[in-house]
Amino acid sequence: MAVYTEVGTEELSAFLDHYDLGELLSCKGIAEGVENSNFLIHTAAGHYILTLYEKRVDPADLPFFLALMEHLAGRGLICPLPVKTRAGTALGTLAGRPAAIVTFLDGMSVRQPAVTHCAEVGEALARLHLAGADFARQRANALSVAGWRPLAKRAGHRADTVAPGLAALIEEELAVVEASWPNGLPEGVIHADLFPDNVFFLGNRLSGLIDFYFACTDTLAYDIAVCLNAWCFEPDGSFNVTKGRALLQRYEAVRPLSEAERAALPLLCRGAALRFLLTRLVDWLNVPPGALVRPKNPIEYLKKLRFHRYASSARDYGLAA
Ligand SMILES: Nc1ncnc2c1ncn2[C@@H]1O[C@H](COP(=O)(O)OP(=O)(O)O)[C@@H](O)[C@H]1O
Ligand SMILES: N[C@@H](CCOP(=O)(O)O)C(=O)O
């Protein structure tokens, strides 16, 4: 459960006084997520999500995230809408942390995505990329290729306590991606963390996207690579090419890929697996004392990375020639 910062009822009520949301009825810490502290709040006006932004979020980036959600919602994407105070601001301070309230989305995330879920997420991702095309703000991806070596340094040789030989494998992978990371592919707003826990469904229909706190301006096809990693592997570590095909076909039905994007897919997938392996590894090795959080398993991404090391073309992910 990710609650790093506790919030007292009195301070929350005082915070809510700035909004038109009526009286606070209840507030519960949310048992999912790893990055920020999230609470489900129930007020006289309904249900909302209160987020206190923690360690990895730079407060300077918060206006980007909040404006992006507002922009995408305005373009018809179902995502949380930041709630503004009577003074018109979406960002405040609570319990010493930057804090915001967003609208509550209906639906449930899926633990074991089926082919149909992968197809839905492919389409939603393409729609997000198109809806973000005229978003005026920019945010560099701090967790793109230049950000990976510093993460590897933080883990250092302690990586080998998680899996023997892992430190050396990471070093090898960094050398490959740093030498050949593609430049010049189409860029725009990407979600960068569109994992199954950040996508809601009602039945088999996608009902909303959440957690835009890694969103940034980067290579659009890298976002597809993140999704192929997060959605299309089976629990035994094998890649399900039927899921990959479904995700890619529905993406391409909305936004066709260029030849250069297709050719870059194996390397982008390899980089995306390394990125999540590294952040998971650092989190695994550095759980803050007393935090109510279950760190995610880095080994899952080591297995995925091993698959990508042997992938030779976009066909390995289900794209037709
Ligand atoms: N707008 C929302 N509507 C409904 N539930 C939400 C919303 N935002 C977050 N949640 C719930 O909170 C959990 C954690 O949110 P998330 O943004 O993924 O946190 P973190 O950034 O800390 O990983 C989600 O899995 C979901 O259950
Ligand atoms: N999706 C990342 C971790 C970030 O967690 P989230 O709850 O904000 O999606 C991972 O699985 O490593």
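Residues numbered from 1 in each chain as written. Chains lettered and ligands numbered in written order. Predicted model: local features only at pLDDT ≥ 70, side-chain atom pairs only at ≥ 80, totals over all residues. Heavy atoms only, no water.

Per an unreviewed UniProt entry, the chain goes by the name Homoserine kinase and belongs to Blastochloris tepida. Here the chain is described in UniProt, under the heading Sequence similarities (unreviewed entry), as follows: "Belongs to the pseudomonas-type ThrB family." Taken directly from UniProt, the Pathway (unreviewed entry) text for the chain runs: "Amino-acid biosynthesis; L-threonine biosynthesis; L-threonine from L-aspartate: step 4/5." (UniProt positions renumbered as here; feature names shortened; annotations may be inferred.)

(A) Local environment of the sheet that holds strand β3 (residues 46-52). Strand order in this open sheet of five strands is β1-β2-β3-β5-β4, and the pairing throughout is antiparallel. Two strands close off the open sheet at either side, each with one partner strand: β1 (24-29) and β4 (92-94). Sheet twist, expressed as the mean angle between neighbouring strand axes with direction ignored, is 35 degrees. Two strands pair when backbone bridges link them, and β1 and strand β2 (residues 37-43) are joined in this way by five bridges, in the antiparallel orientation. Bridging across to β2, Lys-28 finds its partner in Leu-40. (Pairing = 2+ DSSP bridges. Helix = DSSP H or I, 4+ residues; strand = E, 2+ residues; numbered from the N terminus. Axes fitted to C-alpha atoms, helices over the stretch in contact; angles between N-to-C directions.)

(B) Looking closely at the site of ligand 1. Lining the immediate surroundings of ligand 1 are 18 residues, of which Glu-32, Asn-36, Asn-38, Thr-103 and Leu-105 lie closest. Asn-36 places a main-chain nitrogen or oxygen 2.7 Å from an oxygen atom of ligand 1. At 3.1 Å from an oxygen atom of ligand 1 is found a side-chain nitrogen or oxygen belonging to Asn-198. Protein burial of ligand 1: of its 550 Å² of free accessible surface, 92% is covered by the chains. (Near = heavy atom within 4 Å. Polar contact = N/O pair within 3.5 Å; in protein donor to acceptor, adjacent residues only side chain to side chain. Areas by Shrake-Rupley, 256 points an atom, 1.4 Å probe, with all protein chains shown as cover.)

(C) Inspection of the site of ligand 2 at higher detail. Surveying the vicinity of ligand 2 reveals the residues Gly-33, Val-34, Glu-35, Asp-193, Phe-195, Asp-197, Asn-198, Asp-211, Phe-276, Arg-280 and Lys-296. Between a nitrogen atom of ligand 2 and a side-chain N or O atom of Asp-193, the distance comes to 2.6 Å. Between ligand 2 and Asp-197 there is a distance of 3.3 Å, counted from an oxygen atom to a side-chain nitrogen or oxygen. Protein contact buries 95% of the 330 Å² of open area that ligand 2 shows by itself.

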